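# Remarks on the overall topology
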Amino acid sequence: MMVKVRPDSDGKQVSDIWSSQVFQELQDQSGEKFFPGPEDELRLVFSLSVDSFNPFHNKTAKQTASSTGIWMVLLNLPREARYLPENMYLAGVIPGPSKPSNDQINHYLKLVVDDFKSFWHPGVHFTRTFKYRSGRLAKAMLIPIVCDLLGARQVIGYAAAPSAHYFCTVCDLDIDDIEIIDRTQWPAKSESDIRLFAQRYRDAANEKEQDFIFQASGWRWSPLLELEYWKPSLFTVVDSMHSLDLNLLDNHCRKLLKIDLKVSGGEALRPAPQVATKRVTDNDNELHALDTCQDAIFENSTDLLDLLLTFHRRILYSFCLDYDVRDQRLDVVVGTKLFLAKNIVAWRQRSDADSTVHEFLNRYPRLSVVQEGLSPGRKKKKGKERDVSETPSTSVIEDSEVVNASRPSSTLPESLDVALEEGTGGTVTGTWESQLESEEREPDPESQVSNVDVWPKLPSRTTLRNFAKHLISFDSSSSEEAKRFYGRINKSTLLYFCHIIGEDVGALSSKQAIYEYCIQTVGWTHSFHVIVSDKVLSKLNANEEKRNQLTEALSEELKVLQEGAAFLGKDVMEAVWSDMKLTRLPLWITPPPHDWGTPGRGKLSANNWRIICCIHLPITLIRLYGRESGRKKRILDNLMVLVKAIRCATSAVTSPQHIRSYNSLIQQYTSGVKELFPDYHILPSHHGALHIGDMLQRFGPKHAHDSPHYESPDGWESEGS
């Protein structure tokens with residue numbers, strides 16, 4: 001049933017994984033091509049998948065029990081047979097009831113790896129097979145890893161959270177550089193560095209040392225590294241189902257176009273974006289850390305790399321910017337902390353004749369010209385003060401936390417524009433939910449509200465804007481949504497909006513106490529911010545002075561949000577549903593729900609999103625806006641670029657032309673999104689979609705490395721349990 005010799009790719013069309021780049025370049029232990037191998041040897045290749053499932057058949061998104069299955073697929077089998085349940089190998093089940101931790105899963109993976117170590121060298125001799133009565137030697141490799149975005153990171157030992165600074169399994173771009181979409185400026189990962197730091201993690205003396213290594217490099221130890229041929233960044237698949245269907249298409253409809261069945265379709269207008277600062281500015285703690293970092297670079301000790309890795313990425317990034325320290329193959333300063341630190345070490349080892357090295361040595365111990373311009377009048381600190389070398393953390397908002405750490409709290413005077421200049425209305429990075437969920441501090445006696453004439457502490461401008469945005473678009477009929485949203489707000493935001501609506505919270509200091517007071521006073525039984533929304537909007541309409549103040553604080557976002565925020569409004573969605581009823585799909589296409597987009601429908605599958613965005617939305621939107629020339633037509637054109645990219649990514653065959661077309665289309669789509677929706681920030685899953693072209697080149701067409709094949713056993717595995 002298995003083909004003995006796999007064909008070489010002719011450089012044109014590739015129809016299966018065996019003609020892909022990675023499989024054509026596989027080598028055995030002697031350095032010869034792994035395929036076809038000697039006549040008397042059997043050469044096998046397996047793919048690995050690790051995925052969790054609910055053994056109690058609960059299909060809800062928030063499942064309470066989880067078991068983890070480890071599956072393998074023999075890729076030597078023909079494509080029509082390899083993914084049949086009877087041909088898939090269940091290597092093990094981790095019982096649960098919760099998912100294994102990052103270190104716990106290694107014990108299970110090691111059992112699989114130990115078998116493959118024997119299959120790699122010296123091989124396993126079968127005493128007798130159907131065709132070889134005298135026996136045959138078999139050798140096998142484990143390539144590739146096909147999991148969802150989180151599962152893949154856990155299996156290979158990478159940073160688990162996609163929002164961590166080390167967020168990409170393919171390139172060495174940092175989360176702070178995620179807005180860079182020029183592929184030529186993405187630094188490649190170093191397989192030797194991965195093995196070095198993973199081994200250091202494994203051999204660390206204690207957990208503290210392990211944590212430092214992980215924060216410095218983003219890598220933990222994985223038993224897969226015991227396979228000498230294993231290359232994590234090369235053999236880990238970026239799954240198209242999760243990155244394209246369940247993330248990119250979902251986000252495009254829900255976050256960019258927006259679905260709102262209460263209003264007519266608008267133009268999906270967006271406010272001007274806020275520019276986040278990635279470098280050191282005038283924060284005293286960061287400036288002191290930059291001083292200390294410069295000391296280490298000037299001294300140039302043998303352990304300079306390890307010393308640099310103790311600093312926050314922002315510190316290294318600022319130094320690299322000021323002295324143009326970068327990889328010579330790149331035009332801009334980008335990369336993870338490890339990548340920047342390695343560049344600094346290499347730069348420092350150059351001859352002093354190098355212009356920027358010479359400039360640094362002459363200026364030391366002063367900071368750079370650029371930095372002194374950002375912090376005028378600041379002198380280099382003397383003595384040993386608190387070192388703000390990075391405390392291990394991989395949160396996407398840790399940069400903003402460092403920036404805001406030393407900012408004094410501010411109370412709001414009568415004029416909001418003055419407050420925004422004096423308070424915390426500066427640049428804020430990270431997500432608004434992160435800002436709202438910030439940890440509550442001890443109450444400040446001076447800032448407690450005693451009457452409505454004293455303004456509470458002013459939240460950041462971004463927090464105010466996003467809170468107002470969700471107040472206006474909030475569905476008051478959903479108590480669950482109300483509870484979730486209440487859990488996201490912090491006390492300062494609550495106090496501020498209490499003052500706006502004229503509620504005197506007295507001397508209450510805790511968020512819970514303020515919340516309970518509002519329930520008792522207003523006589524409301526679900527969630528406080530629904531009544532806040534009503535009162536804020538009524539005051540905007542009834543009080544011109546208050547309206548002017550709020551408009552100043554929230555810029556023009558209130559108008560944008562109230563007028564035309566949703567492209568997929570009630571009239572557009574009704575047109576889509578009507579066209580769906582008149583559309584006859586081929587029998588092999590499963591139709592999506594006829595009422596998708598309604599609150600009662602819930603989550604959609606990957607297949608649903610692909611059919612909606614590639615068939616139903618184009619049919620209706622072309623009919624509605626195909627002859628227009630304004631913003632709605634541009635939004636339609638951008639969607640069609642995405643549809644064409646999806647078609648390239650999901651083709652049954654690939655070719656160099658396919659891959660070039662996909663890369664061009666997905667970059668064109670991303671550029672269009674950033675232009676049409678200036679407040680949009682590239683998500684890690686969107687960045688992963690920009691790497692799908694790499695996956696097509698490495699492993700061939702989508703069907704050869706598609707995660708749905710591996711997730712389908714969930715059902716029959718739970719039946720068997």
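In this text, all values refer to a predicted model and were calculated from it rather than measured experimentally. (Residues numbered from 1 in each chain as written. Predicted model: local features only at pLDDT ≥ 70, side-chain atom pairs only at ≥ 80, totals over all residues. Heavy atoms only, no water.)

Quick look at the overall build of the protein now. Helix and strand content of the protein: 32 helices and seven strands. Looking at the protein residue by residue over its 721 residues, the buried ones come to 51%. The contacts of the protein with a sequence gap of at least 6 include a subset with a gap of at least 24, amounting to 71%. As presented, the protein carries roughly 33500 Å² of accessible surface, and 51% of it is formed by carbon and sulfur atoms. (Helix = DSSP H or I, 4+ residues; strand = E, 2+ residues; numbered from the N terminus. Buried < 20%, exposed > 50% of the residue type's maximum accessible area, 1.4 Å probe, protein only. Contact = heavy atoms within 4.5 Å. Areas by Shrake-Rupley, 256 points an atom, 1.4 Å probe, with all protein chains shown as cover.)

One way to put it is that helix α5 (residues 191–203) packs onto helix α6 (residues 207–217) with a least axis distance of 8 Å and a crossing angle of 165°. Between α5 and α6, the angle is such that the two are roughly antiparallel. In the crossing of α5 with α6, the sense of the turn from one axis to the other is left-handed. Residue-level inspection shows Phe197, Arg200 and Tyr201 of α5 in contact with α6, the latter providing Gln210, Ile213, Phe214 and Ser217. Its residues assigned to classes, the contact of α5 with α6 comprises four nonpolar, two polar and one charged. (Axes fitted to C-alpha atoms, helices over the stretch in contact; angles between N-to-C directions. Parallel < 35°, antiparallel > 145°, perpendicular 65-115°, else oblique. Left-handed = near helix turned anticlockwise from the far one by under 90°. Nonpolar A, V, L, I, M, F, W, Y, C, P; charged D, E, K, R; others polar.)

As a further point, take the packing of helix α8 (residues 240–257) against helix α28 (residues 656–676). Packed helix pairs are characterised by how far apart their axes lie and by the angle those axes make with each other. Where α8 contacts α28, the axes come no closer than 13 Å and their chain directions differ by 25°. Regarding the angle of α8 to α28, the classification is roughly parallel. In terms of crossing hand, the pair formed by α8 and α28 is left-handed. Residues Leu244, Leu248, His252 and Leu256 of α8 lie in contact with α28, whose contacting residues are Tyr662, Ile666, Tyr669 and Val673. Across the contact of α8 with α28, the residue classes break down as seven nonpolar, one polar and no charged.

What follows is about the pairing of strand β1 (residues 41–53). Of all the 13 residues making up β1, 12 are buried; the element is thus mostly covered by neighbouring parts of the structure. Across seven bridges, β1 lies against strand β5 (residues 136–145) in parallel orientation. Note on β5: the bridge partner recorded for Leu48 is Ile145. (Pairing = 2+ DSSP bridges.)

With 20 residues, helix α26 (residues 606–625) should reach 28 Å at 1.5 Å per residue; the first-to-last C-alpha distance of 26 Å fits that figure. Along α26, the helix axis deviates most sharply at Leu617, where the bend reaches about 40°; the proline Pro618 sits within four residues downstream. Those residues of α26 lying buried are Ala606, Asn608, Trp609, Ile611, Ile612, Cys613, His616, Leu617, Pro618, Thr620, Leu621 and Tyr625. Turning to α26, the residues buried within the fold contact α8, β7 (568–569), α25 (570–582) and α27 (631–649). (Expected span 1.5 Å × (residues − 1). Bend = angle between axes of the 7 residues up to and from the residue.)

Tallying each qualifying case throughout the model produces 29 salt bridges. Among the salt bridges present, the one from Arg43 reaches Glu41, with a minimum N-O distance of 2.8 Å. Judged by its relative accessible area of 13%, Glu41 falls in the buried class. With a shortest N-O distance of 3.1 Å, Arg366 and Glu372 are connected by a salt bridge. Accessibility expressed as a relative area gives 46% for Arg366, which makes it partly exposed. With a relative accessible area of 26%, Glu372 lands in the partly exposed category. One salt-bridge network, held together by shared partners, links Asp174, Asp176, Asp177, Lys278 and Arg313. (Salt bridge = Lys/Arg side-chain N within 4 Å of Asp/Glu carboxyl O.)

Quick look at the packing of aromatic side chains now. For the coordinates displayed, the defined rule picks out 20 aromatic pairs. Taken together, a centroid distance of 5.1 Å and an interplanar angle of 85° make the contact between Trp18 and Phe23 edge-to-face. Using a relative accessible area of 4% as the deciding quantity, one classes Trp18 as buried. An aromatic cluster is present here, built from Trp18, Phe23, Phe34, Phe35, Trp120 and Tyr229 joined pairwise through their rings. A cation over an aromatic ring shows up here: Arg631 above the ring of Phe677, its NZ or CZ 5.6 Å from the ring centre. (Phe/Tyr/Trp six-rings, centres within 6.5 Å; stacked < 30°, edge-to-face > 60°. Lys NZ or Arg CZ within 6 Å of the ring centre and 35° of its normal.)

A word on the sheet that holds β5. Spatial ordering of the open sheet is given by β3-β2-β1-β5-β4, a layout of five strands whose pairing is mixed. Edge positions in the open sheet fall to β3 (89–94) and β4 (124–126), since each of these has one partner strand only. In this sheet, adjacent strand axes meet at a mean angle of 30° when their direction is disregarded. Where β4 and β5 come together, three bridges link them in antiparallel fashion. In the strand pairing of β5, Phe126 is matched with Arg136.

Moving on, we get to empty space enclosed by the protein. According to the stated counting rule, one finds seven cavities of 30 Å³ or more in the structure shown. If you trace the largest cavity, you find 19 residues lining it, with Leu149, Arg153, Thr169, Val238 and Gly688 closest to the centre. Contributing elements (two or more residues each) for the lining of the largest cavity: α4 (149–156) and α29 (684–690). No other element matches α29, which puts four residues into the lining of the largest cavity. A breakdown of the residues in the lining of the largest cavity according to their chemical character gives 10 nonpolar, six polar and three charged. (1 Å grid on protein atoms, 1.4 Å probe; cavity = no way out; pocket = protein on both sides within 12 Å on 5 of 7 lines; lining within 4 Å. Points joined across faces, edges and corners; volume = space filled by probe spheres on them.)

If you look at the biggest cluster of nonpolar residues, it comprises 150 residues, and the most contacted ones within it are Phe23, Trp596 and Leu617. Here the element with the most residues in this core is α27; it accounts for 10 residues. Residues in contact with Phe23, not counting those within four places in the same chain, are Ile17, Trp18, Val45, Leu75, Ile143 and Phe699. (Core = buried A, V, L, I, M, F, W, Y, C linked by side-chain atoms within 4.5 Å.)

What follows is about the state of the cysteines. Linking two cysteines covalently via their sulfur atoms produces the bond known as a disulfide. Summed over the entire model, instances satisfying the criterion amount to zero disulfides. The thiol of Cys168 is not disulfide-bonded; the next cysteine sulfur, from Cys171, is found 3.7 Å away. Cysteine Cys613 shares no disulfide, and the gap to the nearest cysteine sulfur, in Cys253, comes to 3.5 Å. Its relative accessible area of 1% is what places Cys613 among the buried residues. (Disulfide = S-S within 2.5 Å.)

Attention now moves to the pairing of strand β2 (residues 67–74). Buried residues dominate β2, accounting for eight of its eight residues. By the alternation rule, side chains of β2 split into Ser67, Gly69, Trp71 and Val73 and Thr68, Ile70, Met72 and Leu74, which are all buried. Summarising the sheet, β1 and β2 pair through eight bridges and their orientation is antiparallel. Bridged to Phe53 within β2 is Ser67.

Turning our eyes to something else, we now look at the confidence of the model for the protein. It should be kept in mind that the predicted coordinates are not to be read in detail where pLDDT is low. A residue-level look at the protein finds 69% of positions with pLDDT of 70 or above and a mean pLDDT of 79. Contacts for the low-pLDDT stretch residues 383–457, under 50 throughout, to residues beyond four places or in other chains number 148 contacts. Here residues 555–563 is modelled with pLDDT under 50, and outside its nearest four sequence neighbours on either side it reaches 15 contacts, counting other chains as well. (pLDDT = per-residue confidence, 0-100.)

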